[in-house]
Amino acid sequence: MYLLIVFLPLLGSSVAGAFGRFLGSEGTAIMTTTCVSFSSIFSLIAFYEVAPGASACYLRIAPWISSEMFDASWGFLFDSPTVVMLIVVTSVSSLVHPYSIAYMSEDPHSPRFMCYLSIPTLFMPMLVTGDNSLQLFLGWEGVGLASYLLIHFWSTRLQADKAATKAMPVNRVGDFGSAPGISGRFTLFQTVDSSTIFARASAPRNSWISRNMRLNAITLICILLLIGAAGKSAQIGSHTRSPDAMEGPTPVSASIHAATTVTAGVFMIARCSPLFEYPPTALIVITSAGATTSFLAATTGILQNDLKRVIAYSTCSQLGYMIFACGISNYSVSVFHLMNHAFFKALLFLSAGSVIHAMSDEQDMRKMGGLASSFPFTYAMMLMGSLSLIGSPFPTGSYSKDVILELAYTKYTISGNFAFWLGSVSVLFTSYYSFRSLFLTFLVPTNSFGRDILRCHDAPIPMAIPSILLALGSLFVGYLAKSNFWANSPFVLPKNEILAESEFAAPTITELIPIPFSTSGASVAYNVNPVADQFQRAFQSTFGNRLYCFFNKRWFFDQVLNDFLVRSFLRFGYEVSFEALDKGAIEILGPYGISYTFRRLAERISQLQSGSVYHYAFAMLLGSTPFVTFSRMWDSLSSWVDNRLSFILIVSSLYNKIESQDSKSNWRA
């Protein structure tokens, strides 16, 4: 049963990819949805068997690589964090698949889409169940490949092509951290087995000295793994690919940004908690990166006009909360927020997809408005998802988001206070852009085309049922899963354990701070957006315009990266790699140079062909004269030349040369 959780999505994707043209759209949809649904059911059974009693299950399938001291086997580990992640991945995917059947019903390439949609549901369980670094890295690369294929599905669209092309280099930048981090773990511990590495993590290690800095080996490994996690989980610097991924179909956005690709980095940090607990420097860097990302993404989302991009930036912001929760050594709370976030974020994306699908693929909120009467069901679903996103009391989001802020406050460190205040201010901006998107889409006077208003319709039944189930998860999963079923799986040092202190010693004002912030954000959005034009004219100034441009242009991250990194690499690739190497040294010294030399030589020889017979006769005379002369003189010279004497002369000369070299070496000695 445990293996079926991993391999059923593989079966569905393989059948859809190999026999999609024979099965058709309905056959591939039934096949992939059935496989993912059974995988979800088996995940629930595995959770019931593993999580309550903390009885981890380990399955060793077969040896993979065995070379002297290096040994890596195919093995699967099912412990509490693993089964929680399996529920998240398979449950959300099993709801996205039937939604996709209705959403992509008119697409002629829907069999290929259903094949691609099952790929992240295959590689993500492989990542979370892997018991060694190589298997984890295999799933790590697989989810990156899946994101590229899904974003690039509509390959004839220029923006989709650019977004997919951008996603791969950003993933490779993250791999520049994760791959050396995994290699460093093997170098330091002489094994790739995760259990062995975690058991030996507490042993003292020698420091490395570089440029007058003492850098601990485990600190360096953890920072490299953080770079890899930042590339996958859209942290600051690598967050630019996440909004661009909205060019793919909406079910792709729900799958990638709710349950699979972007959660891989958070899970890797939680899984490697025995490593991250010992270097305090690495924890400070993680906390700072996560808090900065949550604030940056929240401030960027307040002035975006694309409905899906606003939700994408909210994903980046929530991932920042998960990352800095790991930085304050509360990995179980981080994974808990990951689980809660998956349900309400998938709900938001599917609700946005219902609106976009009915409005002729229009995503600009400024061209919507007044849709609450046409989309009452979708409006209710999106309202529930937004309430859970901002952490309002009682929905799922409040059970984890508020706890993260309380834990950051009771850390009583500079990095903890930094994360607490940035996270609290981010609540204000999150509430603002969440309700701004609701007002612009559903409540303000309509700005839509008449033809779109006449043809629009609420979500059909196949799209409504997954939304209802996700709405139930957005309301009740946080309450049902708040009990501690983690046992000791995410390892935390006793000195870093502050969960009890945050529960009983945190000031009441600290626990209540998110409520006025979220209320203020919603109130500002309600009062400002209906009169946005008048408000903008009232505050018309140079500073106001620059501030608006700064947030609307996403802190100019794209421009800075393009000007200082992308263009430099493109210029280097053209001038050095292409012109100097490919079209230069390699072709001159390679086949092009050889063919060019022989061609020029043939051209020069061909110039000697004048067409006159006496010229050819003269050339034949010049060529035959040396040969005839030497052959005639050989009879007279052969009596004077002895072949054996020539051989002796050559051998003696070589011997004398060797003797002279030996004498010189003896003299130097």
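Residues numbered from 1 in each chain as written. Predicted model: local features only at pLDDT ≥ 70, side-chain atom pairs only at ≥ 80, totals over all residues. Heavy atoms only, no water.

The name that an unreviewed UniProt entry assigns to the chain is NADH-ubiquinone oxidoreductase chain 5, with the source organism given as Schisandra chinensis. Quoted verbatim from the Function (unreviewed entry) field of UniProt, the annotation for the chain is "Core subunit of the mitochondrial membrane respiratory chain NADH dehydrogenase (Complex I) which catalyzes electron transfer from NADH through the respiratory chain, using ubiquinone as an electron acceptor. Essential for the catalytic activity and assembly of complex I." (UniProt positions renumbered as here; feature names shortened; annotations may be inferred.)

A.B. asks: How should the side chain of Thr 287 be read in this particular structure?
C.D. replies: Relative to the elements of secondary structure, Thr 287 occurs in helix H13 (residues 280-301). Once you skip the residues sitting within four places of it in the chain, Thr 287 turns out to touch Phe 324, Gly 327, Ile 328, Ser 415 and Ala 419. (Helix = DSSP H or I, 4+ residues; strand = E, 2+ residues; numbered from the N terminus. Contact = heavy atoms within 4.5 Å.)

A.B. asks: Just to check I follow, could you spell out the pairing of strand E1 (residues 57-67) for this structure?
C.D. replies: Bridge count for E1 against strand E2 (residues 70-78) is 9 bridges, and the pairing is antiparallel. Paired with Leu 59 across the two strands is Phe 76, which belongs to E2. The hairpin formed by E1 and E2 contains 2 residues between the paired strands, and Glu 68 there has a positive phi angle of roughly 55°. (Pairing = 2+ DSSP bridges.)

A.B. asks: Help me understand the UniProt feature "signal peptide" (unreviewed entry) in the chain, please; the structure alone is not making it clear to me.
C.D. replies: With numbering aligned to this structure, UniProt lists the feature "signal peptide" (unreviewed entry) at residues 1-18. Split by type, residues 1-18 is 94% helix and 0% strand. Its first and last C-alpha atoms lie 25 Å apart.

A.B. asks: What is the right way to read the packing of aromatic side chains from this model?
C.D. replies: This model, assessed by the stated rule, comprises 15 aromatic pairs. Counting every residue linked through ring pairs, the aromatic cluster contains Tyr 409, Tyr 412, Phe 420 and Trp 421. (Phe/Tyr/Trp six-rings, centres within 6.5 Å; stacked < 30°, edge-to-face > 60°.)

A.B. asks: When you look at helix H2 (residues 80-103) in this model, what are you seeing that I'm missing?
C.D. replies: Residues that lie three or four places apart on an α-helix share one face, since the helix turns once every 3.6 residues. If you check H2, its first and last C-alpha atoms are 34 Å apart, about what 24 residues at 1.5 Å a residue would give, namely 34 Å. Most of H2 sits out of view: 22 of its 24 residues are buried. (Expected span 1.5 Å × (residues − 1). Buried < 20%, exposed > 50% of the residue type's maximum accessible area, 1.4 Å probe, protein only.)

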